[in-house]
Amino acid sequence: MRHMTPEFLKALRRIASEVILEPERLAVYETDGLTAKKQRPGVVVIPESTEQVQRITALCYEHQVPLVARGAGTGLSGGAMPHHEGVLLVMARFNQVLGVNEHALTAVVQPGVTNLAITHAVEDLGLYYAPDPSSQIACTIGGNVAENSGGVHCLKYGLTVHNVKEIKVVLPEGELITMGGPGFDTPGYDLLALLHGSEGMLGIVVEVTVQLLPQPPEVAVLMAAFSQVDQAADCVADIIAAGVLPAGLEMMDQLAIEAAEAFIGAGYPTDAQALLLCELDGSPAGLQTLIEKVRGVIQDGGAMDIQVATDAEQRARLWQGRKAAFPAVGRIAPDYYCMDGTIPRRELSNVLASIKALSERHGLPVANVFHAGDGNLHPLILYDANDDDQLERAEAFGSAILQLCIEKGGTITGEHGVGVEKINEMCIQFDSLELEIFHGIKGAFDPVGILNPGKAVPTLSRCAEFGAMHVHVGDEKFPELDRF
């Protein structure tokens, strides 16, 4: 990579009207939601059109200057952490819903449109956009594509990749291409899926066509309180085994319950050791059958209290506590480290017990709140960033959780991505041959390696230093792997 030159900066100013170089303004962009990792960008550019994005990208490619795209900065893995000698491309002004087709059930939006704004734009038509990360009020659809975000309803309705029909992407040399299409399938390789979860390393999304769904006729939320964590965890698998596919199935432990209740007042029982929230939807007659089936499973599982909310206000109140769990936990500790790993549902009880033991070993409390239905854990490790020892212990604790997920047959991420946070654990998740394939894909899209360098996929030399696997660094067949 090369340094930015005065000529490069002059060329940037000729393309975009807002180019930020003042140190105090650059500091605003030095981190995303993973505040433990910070880096001030070399320059911030805020484009206003796709043409500007193309010209900026081509300029960076020509001068071999690193380029990192940023949406709302709500990511939790450091994926939007800037490069200290590069350009941070802030897509905040791409915030328009460009069109809605109620017959095809699609909406065309710019990447800076927030997740929740899509549903607000179509709710008068009786439609909604299903993926709903907890940060949906702030996170943008471009970031959702980059991280392949999920949310409460991903159990039944899928992740972002399952709800996007088409994207327009600017490649590193400035070309604008379209991936996907209006049909259920398109010819050739499925590059649309490849771009989801690519964390801004393959291209920059400038337009997204999302799939909309009709609002379900009836919805109910069951809240079940348990005196033991393992009872709640076992009920998750039992509900699915009973042939029920909930729209959402979430779990919280006592620390998360107490924090959310103190913050929101959702009506959660603070004497419970664990809480399940199960959302069901369908026709009126079918919904009642589902409610009774789930109620029976939960009662057999040892629930000490069950509540059923059917009207919109009651349902919203119960979900508000869950969706506010992250900021709620932030009120009971100076800082928290939000992890994101995924395990098979059958392992929930064992993994939660192991996390409790790890908490004691590292001397840091943890609040568990997660998408139980698909095994996507979000342990929140509480610590004080002003204490370097606590930060080090929090990071070690988080790494141990991710390694535990791998050991149990899971993965190191469910929806937050790898970024810089989990890049070492990638060395455990994948062997050298698999990493070579990843680097080959990166090289095919971005041969110079300007897009979001140093993120998501570790170099072989990094893995050798991490000591997680045996690799042959500098193999003659793959001499370029340590460039990215």
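Residues numbered from 1 in each chain as written. Predicted model: local features only at pLDDT ≥ 70, side-chain atom pairs only at ≥ 80, totals over all residues. Heavy atoms only, no water.

Engineer: For the overall build of the protein, give the residues involved together with the corresponding values.
Structural biologist: Looking only at helices and strands, the protein has 17 helices and 20 strands in total. Judged by the C-alpha coordinates and their principal axes, the protein covers about 70 × 55 × 45 Å. Sequence-distant contacts, at least 24 apart, represent 72% of the contacts inside the protein between residues at least 6 apart. For the protein, the computed accessible surface area is about 19,800 Å², with 50% contributed by carbon and sulfur atoms. (Helix = DSSP H or I, 4+ residues; strand = E, 2+ residues; numbered from the N terminus. Contact = heavy atoms within 4.5 Å. Areas by Shrake-Rupley, 256 points an atom, 1.4 Å probe, with all protein chains shown as cover.)

Engineer: Tell me what's going on with the packing of aromatic side chains, and back it up with residues and numbers.
Structural biologist: Counted under the stated rule, the structure contains three aromatic pairs. Each ring, one from Tyr 128 and one from Tyr 157, has its centre 6.5 Å from the other, and the planes form 90°; the classification is edge-to-face. Of this pair, Tyr 128 sits in strand β7 (residues 127–128) while Tyr 157 sits in helix α6 (residues 154–157), and the two are 29 residues apart along the sequence. Residue classification places Tyr 128 among the buried residues on the basis of a relative accessible area of 13%. Measuring from centroid to centroid gives 6.3 Å for Phe 326 and Tyr 336, while their planes differ by 65°, and the two rings are edge-to-face. In this pair, Phe 326 is assigned in helix α12 (residues 325–329) and Tyr 336 in strand β16 (residues 335–338), connecting sequence segments ten residues apart. Residue Phe 326 is classed as buried on the basis of its relative accessible area of 13%. Tyr 336 sits in the partly exposed class, given a relative accessible area of 26%. Sitting over the face of the ring of Phe 184, Lys 165 holds its NZ or CZ atom 4.7 Å from the ring centroid. (Phe/Tyr/Trp six-rings, centres within 6.5 Å; stacked < 30°, edge-to-face > 60°. Buried < 20%, exposed > 50% of the residue type's maximum accessible area, 1.4 Å probe, protein only. Lys NZ or Arg CZ within 6 Å of the ring centre and 35° of its normal.)

Engineer: Now, about the pattern of salt bridges: what can you tell me, with residues and values included?
Structural biologist: Under the defined criterion, the tally for this structure stands at 14 salt bridges. Of the charged contacts in the structure, one is a salt bridge between Glu 207 and Lys 168, with a shortest N-O distance of 3.6 Å. On the criterion of sequence distance, the pair formed by Glu 207 in strand β10 (residues 204–211) and Lys 168 in strand β8 (residues 164–170) is long-range, its members being 39 residues apart. Owing to a relative accessible area of 18%, Glu 207 belongs among the buried residues under this scheme. (Salt bridge = Lys/Arg side-chain N within 4 Å of Asp/Glu carboxyl O.)

Engineer: Which residues make up the environment of Leu 194, and what values go with them?
Structural biologist: Turning to its location among the elements, Leu 194 is positioned in helix α7 (residues 191–195). Sequence-wise, Leu 194 and Val 161 are 33 residues apart; in three dimensions their C-alpha atoms are separated by 9.2 Å. Residues contacting Leu 194, with those up to four places away along its chain left out, are Leu 202, Ile 441 and Phe 445.

Engineer: Describe unusual backbone geometry, listing the residues and the values that go with them.
Structural biologist: In the Ramachandran plot, Asn 148 falls in the positive-phi region, its phi being about 55° despite a non-glycine side chain. Considering the arrangement of structural elements, one finds Asn 148 in the loop between α5 (141–147) and α6.

Engineer: Tell me what's going on with the state of the cysteines, and back it up with residues and numbers.
Structural biologist: Within this structure, the stated rule accounts for one disulfide. Between the sulfur of Cys 427 and that of Cys 463 lies a disulfide, 2.1 Å long from S to S. Sign of the S-S torsion, about -80° for the bond between Cys 427 and Cys 463, identifies this disulfide as left-handed. Of the two residues, Cys 427 is situated in helix α15 (residues 426–429) and Cys 463 in helix α17 (residues 460–466); the sequence distance between them amounts to 36 residues. (Disulfide = S-S within 2.5 Å.)

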